There are 2 protein chains.
Amino acid sequence: MSNDRLIYLPLGGAGEIGMNAYVYGWGAPGKERLIVVDLGVTFPDMDGSPGVDLIFADLAWLEANAKRIEAIFITHAHEDHVGAVGLTWSRLRAPVHARPFTALHAKRKMEEQGQNPDAVQIAPTWPQTIKAGPFTVGFAPISHSIPESAALVIDTPGGRVVHSGDFKLDPTPLVGEAFDPALYAEIARPGIRALVCDSTNVFSPHPGRSEATLGPAITELVQSAPSLFVATTFASNVARVRTLAEAGVAAGRTICLMGRAMRRMIEASVEAGVLTDFPSTVPVEEADSIPRQNLMLIVTGSQGERRAASAALSRGKYLGVELKEGDTFLFSSKTIPGNEKSVIRIINQLSEKGVDVVDDRSDAYHVSGHANRPDLMRLNEILRPRMVIPMHGEHRHLREHARLARAAGMGSLIAINGSMVDLTGDEPRIVEYIEAGRTYLDGKVQIGAMDGVVRDRIRMALNGHVLVTLIMEDDEPLGEPWVELRGLPETGTSKAPLAEVMEEDLAQLVGRAKRNLLSDDERLEEELRRAVRRTAEDEIGKKPEVTIVISRLS
Amino acid sequence: MSNDRLIYLPLGGAGEIGMNAYVYGWGAPGKERLIVVDLGVTFPDMDGSPGVDLIFADLAWLEANAKRIEAIFITHAHEDHVGAVGLTWSRLRAPVHARPFTALHAKRKMEEQGQNPDAVQIAPTWPQTIKAGPFTVGFAPISHSIPESAALVIDTPGGRVVHSGDFKLDPTPLVGEAFDPALYAEIARPGIRALVCDSTNVFSPHPGRSEATLGPAITELVQSAPSLFVATTFASNVARVRTLAEAGVAAGRTICLMGRAMRRMIEASVEAGVLTDFPSTVPVEEADSIPRQNLMLIVTGSQGERRAASAALSRGKYLGVELKEGDTFLFSSKTIPGNEKSVIRIINQLSEKGVDVVDDRSDAYHVSGHANRPDLMRLNEILRPRMVIPMHGEHRHLREHARLARAAGMGSLIAINGSMVDLTGDEPRIVEYIEAGRTYLDGKVQIGAMDGVVRDRIRMALNGHVLVTLIMEDDEPLGEPWVELRGLPETGTSKAPLAEVMEEDLAQLVGRAKRNLLSDDERLEEELRRAVRRTAEDEIGKKPEVTIVISRLS
């Protein structure tokens, strides 16, 4: 027993914001019993992952050690924490524990992927706990921008770990439980070995503001709007949707929710009992019978998502509603880095319609769901952990958070995805590096980020694609090479059709070729490819991707 | 003469920030003599223009009316104003006028594209002017983030127009001329018919700060840095490079410039006489002989450009220099929307090296080169134009700026690219819409944005590409269809190789096909394409791009 150890291993979410997936272990080295915390997704982009639907952590290591997994715990229902549960469960096959609201979402994720939703079990609230092998895990309520977020209190023979999940210190979150310092002081009483902690807002210098501070400003804004008022926020930010709806009602408006995700989230919140007094709303079909100055729409698409309601409204009539000169559109949200262009596109389209936009530059209409720097320090003071392991952040966030913790006298280090950290000693220590990567959901197929599939797509997008077909009979060309272009200009500097110039050059090459080249597919392909790229470089100044198909008749 | 009119026609830069290209005309409708102001580029991105090298305004209308063009005027040497001169000049063939520093850049652009640099003529400074048909044009010095920026004073029989160019109201710009209110009051004396005005910062509520305010804060920052200090900014922001270099010298450091664009810009500034007292620098080869705490690098790549010095340094050793734990890296710049991810990538890579990054969130180390809202109002008060036409902005900027001008009692409207505005009457009035679009430089070829070339690339990136070859002899298949995949997973839900599943499905289709289908290339291709997409949808949940090559032997 003496060499048993307590390990922490992030597989996703450490060194990035998104696709959270963390592992804890207790036992003899290499034989630790494991629990998994969160199985989230991150979203693709055209730059790095064109055509991909979702991205999540490469779970090869976990899958290889699936027999050691005791259970999976989901801290809250954001996509970057719960989104991959259904997609990955068949490879892990351990019970999934989550609080009721989160469990609703996790079950739906399971169903969507043809998995049995009964694998998801509804967890009780701390101080009640769940036994999982050598682990005893409790869900401690903590405030965040979605209901029923939890920090996990993880007891092991090696001591108590608190896994913060995503959190802020909000005394009045409006929906979901307030942050309760007394509860956390109680949790800290036996002593905390390690706090594994959200790092998102470590660079924000001021204490975070409460959700409750927003209502008056938003009400005033809605009141001052001369015509239709539209607000967008994250569908999952149930408290914000409520703040917006209540502000609308206070300003004498009828509320209409637009966007499937938002209606579903509100329904789930009511079903889970976390939302009991949401203002009454009208269905969108009735919206156009209400005078514009008496109507408020709350819509999806705060990040400029192309298919969400805000983008649809910015383009034209959507579900019978059309925005007009004099309408007001509020982004009650912060633009996530990378989404700026999409959001700006919508703002400009709204501008073309004469709609006044109140965007995210004003802090008056949005508060963050994550703990700022002073809030992180306050949690540290309450919990007094021996060590703080930063998670849920890019490298810059983890580094700054580790520095902050050390400055406050706690042990700390930067553990990015794949770093196995031994928490057993006086100081945290990286003991092994696991291969950590990304898995893409591409249509229905899961592919590795490094498989080359997406790399080929990017290359086609940057360079265009040339196809060459050549028919050979008895090692002699039958006819001439044929060229098709995709994603390339039709003519180059010679002003002759590019495909024809290539065909001539290839015909010459084939005509001059010796028999030993013509009989060797690999070499012949290579020669043809080189010739295509040379001609392209001359004619259009680009080196395209080339596919050669040599058909041999015999 | 009585129906002669004064027109303004933006072809680029109005409804976007980038690729500025404006036209003014005087004469009978449809026969106006024309001048062109600025011929700039904008930069491509993976989202909308993968593989493209540069983007500029579609000049088809100008080319069709090339004989009416009297001259081209370039306000300043930023790429979005001068970058397309060489690329487009052969289609316009009019003399190009620019102040000496700008002319240096314009000449180089001409040379790079094989055009005669003598087409670029060095313009005198206001009150001296240039005659161009019915126009008399003067370059009035105005402060901006590059030396020798000018507003154009355009006199016509229809009155005086001031085209602001890019500007700020800086009394102490350090390099280049200060904004001189007396000069502009003098320009306003005969009365200004129209001010066509930069709108970039119309949403910034506070008066702009001077370049001179930055020195002390940057000096203090450099002094407090324990080891190597690196700063990045736009290479063209010569004043900033000087501010940074002087701060470094004041902090007792030796200065080294890294990045071709930056060295070239400083050399051009010295050559043009706009920079006379730049601190002495050491070549990069000597940098590693200087103790880190005595060295300051000023480097290119403030926008995260992959090939610039900052990105290279963030990845590893570059030109003998390697960043280390304890070094400091300052972004003395603002991240342009759309570049956030690239900049953040560099910051995280620097974080991995232990480098402390001071980023653009602090306003202490950067000031904008554009006039803020109160500055726009101040210029209006000095010039008292009858009308203000907002330019150099996205739609939201133009709209806000037009609103601001109207609130101040001036005529205004929103004129986006392609809107021909008649400035002759009491109010500006759109009289015609010209087809306005974008041209892509793709390698060596200029293609229209709507030609479908780039659309095909984007589709290949999103959907992957399947190639099918089929050989036919006398309307009978010779062998079976052959499938090649590019950018697609190798296996789908059936776990069999995807290409083989497709080949089997296609072989069945061809085997069952009647002679009238087999003899009809177009229909046969369509059937094969549909079959490929159906199989792909079943197997991988995606509908790929498909190219079919049917070879007929006879």
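Before any of the text, the structure's been laid out above.
In what follows, the accompanying structure is described.

Parameters at a glance
- Residues numbered from 1 in each chain as written.
- Chains lettered and ligands numbered in written order.
- Predicted model: local features only at pLDDT ≥ 70, side-chain atom pairs only at ≥ 80, totals over all residues.
- Heavy atoms only, no water.
- Contact = heavy atoms within 4.5 Å.
- Buried area = accessible area lost by both parts, 1.4 Å probe.
- Salt bridge = Lys/Arg side-chain N within 4 Å of Asp/Glu carboxyl O.
- Polar contact = N/O pair within 3.5 Å; in protein donor to acceptor, adjacent residues only side chain to side chain.
- Helix = DSSP H or I, 4+ residues; strand = E, 2+ residues; numbered from the N terminus.
- Buried < 20%, exposed > 50% of the residue type's maximum accessible area, 1.4 Å probe, protein only.
- Pairing = 2+ DSSP bridges.
- Axes fitted to C-alpha atoms, helices over the stretch in contact; angles between N-to-C directions.
- Expected span 1.5 Å × (residues − 1).
- Patch = residues over 30% accessible without salt bridge, like charges linked within 9 Å, V, L, I, M, F, W, Y side chains within 5 Å.
- Areas by Shrake-Rupley, 256 points an atom, 1.4 Å probe, with all protein chains shown as cover.
- Lys, Arg positive; Asp, Glu negative; His and termini not counted.
- Charge placed at Lys NZ, Arg CZ, Asp CG, Glu CD.
- Core = buried A, V, L, I, M, F, W, Y, C linked by side-chain atoms within 4.5 Å.

1. Regarding the interface of chain A and chain B
Line of reasoning, step 1. Taken residue by residue, the interface counts 66 residues in chain A and 66 residues in chain B.
Line of reasoning, step 2. Across the chain A to chain B interface the summed buried area is about 5600 Å²; carbon plus sulfur atoms make up 59%.
Line of reasoning, step 3. Where chain A meets chain B, there are ten salt bridges.
Line of reasoning, step 4. The partner of Arg486(B) in a salt bridge is Glu545(A), and the shortest N-O contact between them spans 3.3 Å.
Line of reasoning, step 5. Along the contact surface separating chain A from chain B lie 39 residue pairs in polar contact (both at pLDDT 80 or more).
Line of reasoning, step 6. Secondary structure elements with two or more residues in the side of chain A that touches chain B: helix H11 (340–352), helix H13 (395–407), strand S26 (445–448), helix H14 (453–463), strand S27 (465–473), strand S29 (482–486), helix H17 (521–540) and strand S30 (545–553) of chain A.

2. Description of the pairing of strand S12 (residues 150–156) of chain A
Residue and element names in this part refer to chain A.
Line of reasoning, step 1. Extensive coverage of S12 is indicated by the burial of six of its seven residues.
Line of reasoning, step 2. Bridge count between strand S11 (residues 135–141) and S12: six bridges; the pairing is antiparallel. Its bridge partner lying in S12, Thr-136 is registered against Asp-155.
Line of reasoning, step 3. One ladder, built from five bridges, connects S12 with strand S13 (residues 159–163); its direction is antiparallel. When the sheet's bridge partners are listed, Thr-156 is paired in S13 with Gly-159.
Line of reasoning, step 4. Counting the residues in the hairpin turn of S12 and S13 gives two residues.

3. A closer look at the sheet that holds S13(A)
All names here are of chain A.
Line of reasoning, step 1. Read across the sheet, seven strands follow the order S10-S11-S12-S13-S14-S20-S22 without closing on themselves; strand pairing throughout is mixed. Edge positions in the sheet fall to strand S10 (130–132) and strand S22 (411–412), since each has one partner strand and no second.
Line of reasoning, step 2. Sheet analysis places strand S14 (residues 194–198) next to strand S20 (residues 387–391), joined by five bridges and oriented parallel. Residue Ala-194 lies in a different strand from S20, and its bridge partner there is Met-387.
Line of reasoning, step 3. Most of the contacts of H13 go to S20, to which it runs at about 165°, and overall it touches S14, S20 and S22.

4. Looking at the pattern of salt bridges
Line of reasoning, step 1. Applying the stated criterion across every chain, the model contains 66 salt bridges over all chains.
Line of reasoning, step 2. Its salt-bridge partner being Asp426(A), residue Arg386(A) comes within 3.3 Å of it at the nearest N-O pair. Of this pair, Arg386(A) sits in the loop between helix H12 (373–383) and S20 while Asp426(A) sits in the loop between strand S23 (419–422) and strand S24 (429–433); the two residues are 40 residues apart in sequence, bridging distant segments of the chain.
Line of reasoning, step 3. Among the residues examined, Arg386(A) registers a relative accessible area of 42% and is labelled partly exposed.
Line of reasoning, step 4. Each of the salt bridges in this network shares a partner with another, and the network as a whole consists of Asp356(A), Arg373(B), Arg399(B), Glu400(B) and Arg403(B).

5. Observations concerning helix H7 (residues 238–250) of chain A
Residues and elements named next belong to chain A.
Line of reasoning, step 1. For H7, which comprises 13 residues, the first-to-last C-alpha distance of 18 Å matches the rise-based estimate of 18 Å (1.5 Å per residue) to within 8%.
Line of reasoning, step 2. If you check which residues of H7 are buried, you get Val-238, Ala-239, Arg-240, Val-241, Arg-242, Thr-243, Leu-244, Ala-245, Ala-247 and Gly-248.
Line of reasoning, step 3. One or two positions beyond H7, positive phi appears at Gly-252, with a value near 80°.

6. A few points about unusual backbone geometry
Line of reasoning, step 1. The omega torsion of the bond from Trp126(A) to Pro127(A) falls at 15°, within 30 degrees of zero and hence cis.
Line of reasoning, step 2. Within the secondary structure layout, Pro127(A) lies in the loop between strand S9 (120–122) and S10.
Line of reasoning, step 3. Of note, Lys495(B) is a non-glycine position whose phi angle comes to about 70°, a positive value.
Line of reasoning, step 4. In this structure, Lys495(B) sits in the loop between strand S29 (482–486) and helix H15 (498–512).

7. What to know about a negative patch on the surface
Residues and elements named next belong to chain A.
Line of reasoning, step 1. Negative charge collects at one region of the surface, where Glu-480, Glu-500, Glu-504, Asp-505, Glu-537 and Asp-538 lie side by side.
Line of reasoning, step 2. Those elements that place two or more of their residues in the negative patch are helix H15 (498–512) and H17.
Line of reasoning, step 3. Per-element tally for the negative patch: the top contributor is H15, with three residues.
Line of reasoning, step 4. By the element assignment, Asp-505 lies in helix H15.
Line of reasoning, step 5. Residue classification places Asp-505 among the partly exposed positions, given a relative accessible area of 31%.

8. Some words on the nonpolar core
Line of reasoning, step 1. Core analysis: the biggest nonpolar cluster contains 143 residues, and Leu62(A) and Leu62(B) have the highest contact counts within it.
Line of reasoning, step 2. The contact partners of Leu62(B), leaving out residues within four places of it in the chain, are Leu11(B), Val23(B), Leu34(B), Val36(B), Ile69(B) and Leu92(B).

9. A few points about the environment of Ala402(A)
Residue and element names in this part refer to chain A.
Line of reasoning, step 1. Mapped onto the elements, Ala-402 comes out in helix H13.
Line of reasoning, step 2. Using a relative accessible area of 0% as the deciding quantity, one classes Ala-402 as buried.
Line of reasoning, step 3. Filtering out sequence-adjacent residues up to four positions away, Ala-402 remains in contact with Pro-390, Ser-412, Leu-413 and Ile-414.

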